[in-house]
Structure formats: structure tokens, C-alpha cells
Amino acid sequence: MTQDELKQAVGQAAVDYIAPKLRPDRIIGVGTGSTANCFIDALARLKDDFAGAVASSDASAERLQKLGIKVFDLNEVSELEVYVDGADESNEYLELIKGGGAALTREKIVRAVSKEFVCIADESKWVDVLGRFPLPVEVIPMARSYVARELVKMGGSPVYREGVVTDNGCVILDVYDFKMVDPRKYETEINQIAGVVTNGLFAQRGADVLLLGGKDGVKTIYPKY
């Protein structure tokens, strides 16, 4: 299977996984990126089975609306039944790196409000140690250079993602050369740097289940404890 076919397979698997959880009064969280788009497209056939969705980006909101799925503002919602989104990397504890699509802050907020986080990814995202994929850090623009210097002190090699402005009006630093044996520690320490909005580590609250697409089909993986 091609990578696109794997993404479509896990998108459909996620729809099958959440279908029993849907009710006419329930709202779900939907993520951002190419794998999440496959989920959104597959979700359209169940649009009458639930009330609507909260999207983690303007792009996902637009895609949902075009398919006839109502989009809610998160401030209208107290809790989400389930959140489905992709990842750039996952380890066996289902600690993740996210943010390749520059929606990491909104993704982290939607995850915080959700009862369950279902991560969908292809097997290329599975790693032993997080850090092969550069860690996105969302930064208030005036603090970009300061935050970059602080990340260098931590051993990282930050690169400004030129031409990208997040939905929050901020910028992204992609940090290379971090090998995160203790992702929770890195998540906390980076978030303490003044000017950081958040970073793309989902370790304090990672995924509850990972649907991982590979040549042998889609595997359901739960975090190792």
C-alpha cells in the first residue's frame, strides 16, 4: 500500500472505532493534517449520527463544513466525547510529536477537553525514541530569537519555519537534534520558556489508543505502561 492508501485505511478505521460512541447530542474533536483529512472524508457518511465537531484548525473546519458537518466553537462545548487526529511521531507509550501542520496549540486544547484521544498514523511515524522529526514550538513573534537561543542552550537546533503564521497569529520554530528519552520533561521545560505558546510534545497527555496502518493492515495499539 502507498502512504496515501495507509492514511485512508487508518481514517476509515478511526470512523469504525468511534461509530459506537456517536449519539445525536454528542460532539467530537477533529484534528489537522493529511491523515486527519482522510478521517474527515470518511466521517461524512456518519454526519447524521452526531451533533457536530470542534476543529483544531480553520482548514479542518472548512473541510467539515463543506461535507455538511456542523462545526462548533470550543467555547460552546464543555466536553468532547472523542478526539481523532494524526501525529508526526509516536513511541510505545503513545507519547507524540505533533505540529507539522502548525496547529499544535489548538490540537493540544482540543485534546485537553476530550474524554478520549484516538491517534491515527501510518507505520512511518512509529519510533523508539522521539526526536527524528523536528519538534515544532509555537512562539509569540517578538520572542522568536530569544526562544531560539534558549532552545540552543537545551541542546536543540531551532529553525524558523519561514512564511508560516499559525491560526493564532504566532510563528513556528522547528527544533532538530533533540533525542527525547524523557518527553514529559522536555514538554514541561520548553513550555516554561517565556514567549512559548506551547510545543508539539503530547507526552503529559498522549494518545489513549493508536490506530497504526501498515502493510499488514491497521493495528490497534494501547500505551505501554
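Anything mentioned here points back to the structure above.
Conventions used here
Residues numbered from 1 in each chain as written. Predicted model: local features only at pLDDT ≥ 70, side-chain atom pairs only at ≥ 80, totals over all residues. Heavy atoms only, no water. Pairing = 2+ DSSP bridges. Helix = DSSP H or I, 4+ residues; strand = E, 2+ residues; numbered from the N terminus. Axes fitted to C-alpha atoms, helices over the stretch in contact; angles between N-to-C directions. Contact = heavy atoms within 4.5 Å. Buried < 20%, exposed > 50% of the residue type's maximum accessible area, 1.4 Å probe, protein only.

Draft legend 1. Representation of the sheet that holds strand β9 (residues 171–176) in the model. As summarised here, the arrangement of the four strands in space is β8-β9-β7-β10, forming an open sheet in which the pairing is antiparallel. Strand pairing shows two members of the sheet lacking a second neighbour, β8 (157–160) and β10 (196–199), which therefore form its edges. In this sheet, neighbouring strand axes are inclined to one another by 30° on average, regardless of whether the strands run parallel or antiparallel. Its contacts with the sheet place helix α5 (residues 144–153) against β7 (135–139), β8, β9 and β10, and it is angled at close to 15° to β9.

Draft legend 2. Up close: the environment of Ile27. Along the chain, Ile27 turns up in strand β1 (residues 27–30). Here Ile27 falls in the buried class, since its relative accessible area comes to 14%. When the C-alpha positions of Ile27 and Lys7 are compared, they lie 23 Å apart, and in sequence the two are 20 residues distant. Discounting chain neighbours no more than four positions away, the residues touching Ile27 are Ala51, Gly52, Ala53, Val54, Phe72, Val77, Leu80 and Glu81.

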